[in-house]
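One-letter residues, chain by chain:
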Amino acid sequence: MTTSSSHAQLRGQIVKALSGYYYVRPDGAASDSVSIQCRGRGILKKKGLTPLVGDHVLYSLTENGEGMVDELLPRSSELIRPQVANVDLAILVFSVTEPALNLQLLDKFLLHIEHAGIEAVLCLSKQDLEESGSESEEAKESAASVHRIYEPIGYEVYGTSSRRGSGIDALHKRLQGHVAVFAGQSGVGKSSLLNAIVPGLTLETNEISNRLGRGKHTTRHVELIDIGGGLVADTPGFSQLDFEELGIEDLGYCFRDMRELAPQCKFRGCTHTHEPSCAVLAAVADGRLAASRHENYVLFLAEMKEKKRRY
Ligand code: GDP
Ligand code: ZN
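Definitions and cut-offs
Residues numbered from 1 in each chain as written. Chains lettered and ligands numbered in written order. Predicted model: local features only at pLDDT ≥ 70, side-chain atom pairs only at ≥ 80, totals over all residues. Heavy atoms only, no water. Donors = N, O, S within 2.8 Å, 3.2 Å for Na, K, Ca; no water. Tetrahedral: all angles 85-135°; square planar, octahedral: opposite > 155°, others 65-115°. Helix = DSSP H or I, 4+ residues; strand = E, 2+ residues; numbered from the N terminus. Buried < 20%, exposed > 50% of the residue type's maximum accessible area, 1.4 Å probe, protein only. Near = heavy atom within 4 Å. Polar contact = N/O pair within 3.5 Å; in protein donor to acceptor, adjacent residues only side chain to side chain. Areas by Shrake-Rupley, 256 points an atom, 1.4 Å probe, with all protein chains shown as cover. Nonpolar A, V, L, I, M, F, W, Y, C, P; charged D, E, K, R; others polar. Phe/Tyr/Trp six-rings, centres within 6.5 Å; stacked < 30°, edge-to-face > 60°. Lys NZ or Arg CZ within 6 Å of the ring centre and 35° of its normal. Domains from an automatic or database assignment. Contact = heavy atoms within 4.5 Å. Buried area = accessible area lost by both parts, 1.4 Å probe. Salt bridge = Lys/Arg side-chain N within 4 Å of Asp/Glu carboxyl O.

**Q** Help me understand the coordination of the zinc ion (ligand 2), please; the structure alone is not making it clear to me.
**A** Under ideal tetrahedral coordination, the four donors around a metal are separated by 109.5 degrees; under ideal octahedral coordination, the six donors are separated by 90 or 180 degrees. At 2.1 to 2.4 Å from the zinc ion (ligand 2) lie its protein donor atoms, namely Cys265 (SG), Cys270 (SG), His272 (ND1) and Cys278 (SG). One can describe the site at the zinc ion (ligand 2) as tetrahedral: its 4 donor atoms subtend angles covering 104 to 115° at the metal. Along the chain, the residues donating to the zinc ion (ligand 2) fall in the pattern C-x4-C-x1-H-x5-C. Highlighted residues: Cys265 in the loop between helix H8 (256-261) and helix H9 (279-285) and Cys278 in the loop between H8 and H9, separated in sequence by 13 residues. Residue class for Cys265 comes out buried when judged on its relative accessible area of 8%.

**Q** Where do I start with the site of ligand 1 in this structure?
**A** Not every one of the 17 residues close to ligand 1 is listed here, only the nearest: Asp128, Gly187, Lys190, Ser191 and Ser192. Separating an oxygen atom of ligand 1 from a side-chain N or O atom of Lys126 is a distance of 2.9 Å. One of the side-chain nitrogen or oxygen atoms of Ser192 is found 2.6 Å away from an oxygen atom of ligand 1. For ligand 1, whose accessible area on its own is 580 Å², the fraction buried by protein is 89%. Residue assignment for the shell around ligand 1 shows that the elements contributing at least two residues are helix H3 (128-131) and helix H6 (190-197). The dominant element in the shell around ligand 1, judged by the number of residues it contributes, is H6, at 3 residues. Looking at side-chain class alone, the shell around ligand 1 contains 2 nonpolar, 10 polar and 5 charged residues.

**Q** I would appreciate a short explanation of the packing of aromatic side chains in the present structure.
**A** Pairs of aromatic rings are described using the distance from one ring centre to the other and the angle between the two planes. Overall, the coordinates contain 6 aromatic pairs when judged by the stated rule. Between Tyr150 and Tyr155, the aromatic rings sit 6.3 Å apart at their centres with planes inclined by 55°, giving tilted as the arrangement. Of the residues examined, Tyr150 reaches a relative accessible area of 0% and is grouped as buried. Centroid distance Phe255 to Tyr297: 5.7 Å. Interplanar angle 85°. Geometry classified as edge-to-face. Highlighted residues: Phe255 in the loop between helix H7 (248-254) and H8 and Tyr297 in helix H10 (residues 291-310), separated in sequence by 42 residues. By way of ring pairs, the aromatic residues Phe243, Phe255, Tyr297 and Phe300 are connected into one cluster. Between Lys16 and the ring centre of Tyr23, over which it is positioned, the NZ or CZ distance is 4.8 Å. Above the plane of the ring of Tyr155 lies Arg256, whose end atom (NZ or CZ) is 3.9 Å from the centre.

**Q** Looking at this structure, I do not really get the domain arrangement of the chain. What am I missing?
**A** Interface size is commonly expressed as the accessible area that is lost once the parts come together. In terms of domains, the chain is made up of domain 1 (5-73), domain 2 (84-234) and domain 3 (248-310). Each of domain 2 and domain 3 has a C-alpha centre, and these two points are 27 Å apart. Across the boundary between the two partners, domain 2 contributes 13 residues, which contact 14 residues of domain 3. Between domain 2 and domain 3, the buried area comes to about 1,200 Å², and carbon and sulfur atoms account for 58% of it. It is Asp107, Leu111 and Ile153 that lose the most area in domain 2 upon contact with domain 3, and together they represent 39% of the buried surface on that side. Where domain 2 packs against domain 3, one counts 4 salt bridges. Among the elements of the structure, helix H2 (103-115) and helix H4 (136-150) are those that each provide at least two residues to the side of domain 2 that touches domain 3.

Structure representation (structure tokens):
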């Protein structure tokens, strides 16, 4: 007999952590139901376990409708920024213009998402600016290039306009059943998208102080927002895109189009930069692999080597 057998063991997920409390959403609860304010059982600390937002837990009810987190269930992933467990989907947001599409930055975000082992979906925001706006031609071209480069290598591309409310339902549907983070540079419209997806949500959306786009040095408490059938972190993911956590040998692997080709390279450990009989270089030469993808790979490789040399 275990000590906790007198309590009914319930299952839930931590959606917020604040001042020593964990807010647990009971499994199967309606999206608008109140989460249960819990303390962590002392045994967790003794075992060196720190409950994270996103953790699936076993908990029991105590007095006053409060509860106690008894046990953490195994995590499928653990993201550092924001610190959330069990994230399994990243929505990588890029605006077709304002700010202008930057494929190098897009590849860098993808690199980090792939490295974290999380599924990535691309979202092209502000599509209304393709029809109106001073940069409409550039915007159209940007959108076309993202579809052309990324769809053939297996990334889904969603188009949205929070201003017009278009594409929002499809993205909402895609989030079902997931714990997701939105990623992308400041100002691309991440907060606006979340506000459009979740009725009643009012994240601030200006460049100076919005929750999702807030500067990287501000620490704040992450919260999982229930979007009805899925959870989304209210803080953007992958805000710091340095190569610290990444090894040079990981780089080729994180470019999924190169990962597929690499086994056909003549030399094991091929860096796909100058080697003879390199399947990646061959694919770039005959247009099967987007030149921009390879260029960005070479650029990141040089950056990583430079960093290694300096330290
Ligand atoms: P975040 O920093 O990625 O969270 O971006 P915000 O959601 O704060 O949006 C940044 C700016 O882009 C704000 O001025 C928004 O009004 C504007 N914006 C957001 N979504 C759209 C959109 O769909 N169309 C247009 N034209 N502007 C948008
Ligand atoms: Zn190669």
